[in-house]
Amino acid sequence: MVEPNLLHAPVLAWYEDNARDLPWRADDATPWGVLVSEIMLQQTPVVRVLPVWREWLARWPTPKSLAEEPPGEAVRHWGRLGYPRRALRLHACARAITDEHGGEVPADHATLLALPGIGEYTAAAVASFAYGGRHAVLDTNVRRVFARAVRAEEYPPTATSAAERRLAETLLPKLGAARWGVAVMELGALVCTARAPRCADCPVADLCAWRLAGKPPHTGPARKGQTYAGTDRQCRGRLLAVLRSAHGPVPKAALDVVWDDAVQRERALDGLVADGLAEVLDDGTYRLPHA
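Residues numbered from 1 in each chain as written. Predicted model: local features only at pLDDT ≥ 70, side-chain atom pairs only at ≥ 80, totals over all residues. Heavy atoms only, no water.

**Concerning helix H15 (residues 262-274)**
Then, number 1: The terminal C-alpha atoms of H15, which comprises 13 residues, lie 18 Å apart, in line with the 18 Å expected from a rise of 1.5 Å per residue.
Then, number 2: When we look at burial in H15, the residues that qualify are Gln264, Arg265, Ala268, Leu269, Gly271 and Leu272. The buried residues of H15 all sit within an arc of 155° when viewed along its axis, so they share a single face. Those residues of H15 that are exposed and angled more than 90 degrees off the buried face are Val263 and Ala274.
Then, number 3: Sitting at the head of H15, aspartate 261 places a side-chain oxygen 3.1 Å from the backbone nitrogen of valine 263.
Then, number 4: Directly beyond the C-terminal end of H15, a positive phi value near 80° is found at glycine 276. (Helix = DSSP H or I, 4+ residues; strand = E, 2+ residues; numbered from the N terminus. Expected span 1.5 Å × (residues − 1). Buried < 20%, exposed > 50% of the residue type's maximum accessible area, 1.4 Å probe, protein only. Arc of directions from axis to C-beta. Polar contact = N/O pair within 3.5 Å; in protein donor to acceptor, adjacent residues only side chain to side chain.)

Here it is as structure tokens:
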């Protein structure tokens, strides 16, 4: 295995020169701003997150300010980030932080993990990036860098494994772990990308086990790209767009016109209600969640 200390210096030096100027990384970024960014960035590129993050932080600069509004407002202002249940999770998280932690985002990893909708990655990221905690932060980009540089594998496993967690812990520097975590993440996002890694620009190319092994191709399950057109996800998005643009209940007829396939439309609408993203009222109209 690559000696961890050999990786630290070049990756950190590369980050110093190449890091993107992102507002949630700024010195004045709040823990709440970091938490919001981490939820928004899940499966969503930075370029789409930036304007929505700025709007959210201007409108809801604290957990309490979001908690005081109905959850439907979080869904309304989620924009086109996709996977809108994340908006509901953020709203539930804001209420828990307000009710149980005096409106302050917790610094402790275990306490963060106990918040609604916060998983292992997000808890580690917030504890690390907002508070400087020493935690292994394993997002897709970090996992891919470690798979290639250390394990000589083109891609990491589909789900995070115990072996990956142990490796990440081994690679944590004693000091500056938070900066190391964001530096590796940035390297994966900008250089060690999934489809076209720019090995010539990589600061640890001469140490990379995958490159030194001749870049052996992935031998695990085929990596399938996500489709969107014609799917229930697209249908749900169309229906939700109608609800987001309305400031009040929407008649069923206004939803029926946005998707031709009645069976798929009804399935998607039922799914939105079941997921808490929409409410059906006694008169048969629909609206964003209010309670």
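**Observations concerning empty space enclosed by the protein**
Then, number 1: In total, this model carries 4 cavities of 30 Å³ or more according to the counting rule given.
Then, number 2: Its volume calculated, the largest cavity comes out at about 130 Å³.
Then, number 3: Lining the largest cavity are 14 residues; nearest its centre among them are Arg148, Cys192, Cys199, Cys202 and Cys208.
Then, number 4: Put simply, the parts of the chain that give the lining of the largest cavity at least two residues each are helix H9 (140-149) and helix H12 (209-212). (1 Å grid on protein atoms, 1.4 Å probe; cavity = no way out; pocket = protein on both sides within 12 Å on 5 of 7 lines; lining within 4 Å. Points joined across faces, edges and corners; volume = space filled by probe spheres on them.)

**With respect to the environment of glycine 103**
Then, number 1: Position of glycine 103 relative to the elements: it lies in the loop between helix H6 (85-100) and helix H7 (109-113).
Then, number 2: Along the sequence, glycine 103 and proline 249 sit 146 residues apart, while their C-alpha atoms lie 31 Å from each other.
Then, number 3: Residue contacts for glycine 103: discarding those within four places in its chain leaves Pro63, Ile97 and Thr98. (Contact = heavy atoms within 4.5 Å.)

**Considering the packing of helix H8 (residues 120-129) against helix H11 (residues 177-190)**
In a pair of packed helices, the angle between the axes and the distance between the axes together describe the arrangement.
Then, number 1: Closest axis-to-axis distance for the H8/H11 pair is 8 Å, and the angle between their directions is 120°. With respect to H11, the axis of H8 lies oblique. Remark: the crossing between H8 and H11 carries left-handed chirality. Only Ala178, Gly181, Val182 and Met185 of H11 make contact with H8, whose side of the interface consists of Tyr121, Ser128 and Phe129.
Then, number 2: Split into classes, the residues belonging to the contact of H8 with H11 amount to 5 nonpolar, 2 polar and no charged. (Axes fitted to C-alpha atoms, helices over the stretch in contact; angles between N-to-C directions. Parallel < 35°, antiparallel > 145°, perpendicular 65-115°, else oblique. Left-handed = near helix turned anticlockwise from the far one by under 90°. Nonpolar A, V, L, I, M, F, W, Y, C, P; charged D, E, K, R; others polar.)

**Remarks on the layout of surface pockets**
Then, number 1: One number sums up the size of the second largest pocket: a volume of about 680 Å³.
Then, number 2: If you go around the second largest pocket, you meet 26 residues; those closest to its centre are Gly82, Tyr83, Pro84, Tyr228 and Arg233.
Then, number 3: Top contributing element to the lining of the second largest pocket by residue count: helix H13 (residues 232-245), with 8 residues.
Then, number 4: Of the residues assigned to the lining of the second largest pocket, the class counts are 10 nonpolar, 7 polar and 9 charged.

**Describing the nonpolar core**
Then, number 1: In terms of nonpolar packing, the biggest core is built from 51 residues, with Trp32, Leu35, Met40 and Trp56 touching the most fellow members.
Then, number 2: When residues of this core are traced back to their parent elements, those giving at least two are helix H2 (31-40), helix H3 (46-59), helix H4 (63-67), helix H5 (71-76), H6, H8, H13 and H15.
Then, number 3: When neighbours within four sequence positions are excluded, tryptophan 32 is seen to be in contact with Leu57, Trp60, Pro61, Thr62, Pro63, Leu66, Leu90, Ala94, Ile97 and Val105.
Then, number 4: Formed by 32 residues, the second largest nonpolar core is a distinct cluster that contains Ala136, Leu138, Phe146 and Leu172. (Core = buried A, V, L, I, M, F, W, Y, C linked by side-chain atoms within 4.5 Å.)

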